[in-house]
Amino acid sequence: MAVTAGMVKELREMTGAGMMDCKKALTATDADMDKAVEWLREKGLATAQKKAGRIAAEGLAKVLVSEDGKSAVAVEVNSETDFVAKNEKFQGYVAQVAEQAMETKAADIEAFLAEPWKFDTTKTVNEALAGQIAVIGENMNIRRFAKVKEDDGFIASYTHMGGKIGVLVDVVTDVVNDEIKEMAKNVAMQVAALKPLYTSDAEVSADYIEHEKEILLAQIKNDPKESQKPEKVIMGIIQGRVKKELKEICLLDQIYVKAEDGKQSVGQYVAQVAKANGANITIKGFVRYETGEGIEKKQEDFAAEVAKQMAGN
């Protein structure tokens, strides 16, 4: 029997599943509505979709590094509550997602979700996720992943606050020993703590710098005292402020958090360790995932909700 738009709409209303999932279910069951409902339930999609409206902003940022230190991956998997994020079942599932990501050839999250699930190839990654949602009972989301490969050195990792923040640091070096590994771990901890946006100022685009200069110029013009200064002085102020900002957002220019003198930059610390070990070391890049970063969390006002219910609204 041909699947019609009306059938898809009816099945969606019955199950709360997504349009495409309903169409798949009807196609797989020869448009038998009862069997289609069972098909969706078996795959956990009916239950999952009912929870899809809930905001998943908690969860875990998981990092995984290969035994030889040459390959690594970072993943972020979200849940609705911190309680579930601490659940062993959820943590085990996130570890599996990281293993999947280590082997994936997918270039983006959509392709990743569509590929066969390593631990049950009869399902896609997305279908396996839906099954976990049904079991755990909260909306969940595989938000992002990043793979790093380094043949001319190694990849260091660091996890902060039990998975709230996950960091990978790509280190190019011709010497690998415990002291250099410790340096890389310290740099990863720096990334977690000070949240740089770039590895060095060489990565910062000219457009970004010009945009910042425009903002700073507008700020000065709106300040009655500073706006009266000569143009040359104003340009000097802007250059100084941009330079200061770059030192805050570029990893190698940041003040190293463990610096004894409070002045040594991360770049100077790396150079110091390199010299002490007769090595050539370059911090090539980093990945920093913070759980729920950029996701608008739903703020529940319980007093207002109770008042609303008592009023009969």
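For clarity, every value in this text was computed on a predicted model and none was experimentally measured.

Student: Looking at this structure, I do not really get the overall build of the chain. What am I missing?
Tutor: What the chain contains, in helices and strands, is 13 helices and eight strands. Against the globule reference of 20 Å for 313 residues, the chain gives a C-alpha radius of gyration of 25 Å, more extended than a compact globule. Viewed in the frame of its principal axes, the chain has a C-alpha envelope of about 75 × 55 × 40 Å. A buried classification covers 42% of the 313 residues belonging to the chain.

Student: What exactly am I supposed to notice about the nonpolar core here?
Tutor: Generally speaking, nonpolar side chains in soluble globular proteins are found buried as a group. Membership of the largest hydrophobic core comes to 26 residues, with the highest contact counts inside it found for Val169, Met183, Val187 and Ile281. Put simply, the parts of the chain that give this core at least two residues each are strand S6 (153-160), strand S7 (165-173), helix H9 (178-194), helix H12 (266-276) and strand S8 (281-290). The dominant element in this core, judged by the number of residues it contributes, is H9, at seven residues. Once you skip the residues sitting within four places of it in the chain, isoleucine 281 turns out to touch Val171, Val172, Thr173, Ile180, Met183, Val270 and Ala274. Leu60, Val75, Val94 and Ala98 belong to the second largest nonpolar core, which has 25 residues in total.

Student: Explanation requested: the side chain of threonine 173 in the structure shown.
Tutor: Take threonine 173: it is sitting in strand S7. Each residue touching threonine 173, except ones within four places of it in the same chain, is listed here: Asp152, Gly153, Phe154, Ile180, Ala279, Asn280 and Ile281.

Student: Looking at this structure, how should I read the sheet that holds strand S2 (residues 71-79)?
Tutor: Within a beta sheet, neighbouring strands are joined by backbone hydrogen bonds and run either parallel or antiparallel to one another. Taken together, the three strands give an open sheet; going across it, the order is S1-S2-S5, and neighbouring strands pair in antiparallel fashion. What marks the edges here is a single partner per strand, and that holds for strand S1 (58-65) and strand S5 (140-149). Adjacent strand axes in the sheet meet at a mean angle of 10°, parallel and antiparallel pairs treated alike. By the bridge criterion, eight bridges tie S1 to S2 in an arrangement that is antiparallel.

Student: Looking at this model, I keep getting lost on the sheet that holds S7. Mind explaining?
Tutor: The three strands are arranged S6-S7-S8 in an open sheet whose pairing can be described as antiparallel. Each end of this open sheet is capped by a strand with a single partner; those strands are S6 and S8. Strand-to-strand twist of the sheet, defined as the mean angle between neighbouring strand axes without regard to direction, takes the value 15°. Relative to S7, S6 is paired through eight bridges, and the arrangement is antiparallel. What sits directly across from serine 157, in S7, is leucine 168. This element, H9, spans S6, S7 and S8 of the sheet and lies at about 45° to S6.

Student: Help me understand the pattern of salt bridges, please; the structure alone is not making it clear to me.
Tutor: Opposite charge on two side chains makes pairing possible when the charged atoms of those side chains draw close. Taken as a whole and judged by the stated rule, the model has 17 salt bridges. Here lysine 284 and glutamate 150 are joined by a salt bridge, their closest N and O atoms 3.4 Å apart. Taken together, the positions of lysine 284 in strand S8 and glutamate 150 in the loop between S5 and S6 put the pair 134 residues apart, joining distant regions of the chain. Assessed through its relative accessible area of 3%, glutamate 150 is described here as buried. The salt bridge involving glutamate 293 is made with arginine 288; its shortest N-O contact spans 4.0 Å. You can call glutamate 293 partly exposed: its relative accessible area is 27%.

Student: Is there a simple way to think about the pairing of S2 in this case?
Tutor: Here is the key point about a regular strand: its side chains alternate between the two faces of the sheet. In terms of burial, S2 is largely enclosed, as eight of its nine residues are buried. If you look at the hairpin formed by S1 and S2, you'll find five residues sitting between the two strands, and glycine 69 has a positive phi there, around 75°. Judged from the nine bridges that link them, S2 and S5 form a sheet pairing that is antiparallel. Pairing of valine 75 across the sheet is with phenylalanine 145, part of S5.

Student: So what exactly am I meant to see when it comes to the packing of aromatic side chains here?
Tutor: Counted according to the given criterion, the structure contains five aromatic pairs. Between the aromatic rings of tyrosine 93 and tryptophan 117, the centroid separation amounts to 5.8 Å while the plane-to-plane angle is 40°, which identifies the pairing as tilted. Of this pair, tyrosine 93 sits in helix H6 (residues 88-103) while tryptophan 117 sits in strand S3 (residues 116-117), and the two are 24 residues apart along the sequence. Of the two residues examined, tyrosine 93 and tryptophan 117, each falls in the buried class. When the ring of tyrosine 198 is compared with that of tyrosine 208, the centres are 6.0 Å apart and the planes differ by 70°; the resulting orientation is edge-to-face. Here tyrosine 208 lies in helix H10 (residues 206-221) and tyrosine 198 lies in the loop between H9 and H10, a separation of 10 residues in the sequence. The rings of Tyr93, Trp117 and Phe119 are connected pair by pair, giving a single aromatic cluster. The cationic tip of arginine 144 hangs over the ring face of tyrosine 289; the distance from NZ or CZ to the ring centre is 4.0 Å.

Parameters and conventions
Residues numbered from 1 in each chain as written. Predicted model: local features only at pLDDT ≥ 70, side-chain atom pairs only at ≥ 80, totals over all residues. Heavy atoms only, no water. Helix = DSSP H or I, 4+ residues; strand = E, 2+ residues; numbered from the N terminus. Rg over C-alpha atoms; globule rule 2.2 N^0.38 Å. Buried < 20%, exposed > 50% of the residue type's maximum accessible area, 1.4 Å probe, protein only. Core = buried A, V, L, I, M, F, W, Y, C linked by side-chain atoms within 4.5 Å. Contact = heavy atoms within 4.5 Å. Pairing = 2+ DSSP bridges. Axes fitted to C-alpha atoms, helices over the stretch in contact; angles between N-to-C directions. Salt bridge = Lys/Arg side-chain N within 4 Å of Asp/Glu carboxyl O. Phe/Tyr/Trp six-rings, centres within 6.5 Å; stacked < 30°, edge-to-face > 60°. Lys NZ or Arg CZ within 6 Å of the ring centre and 35° of its normal.

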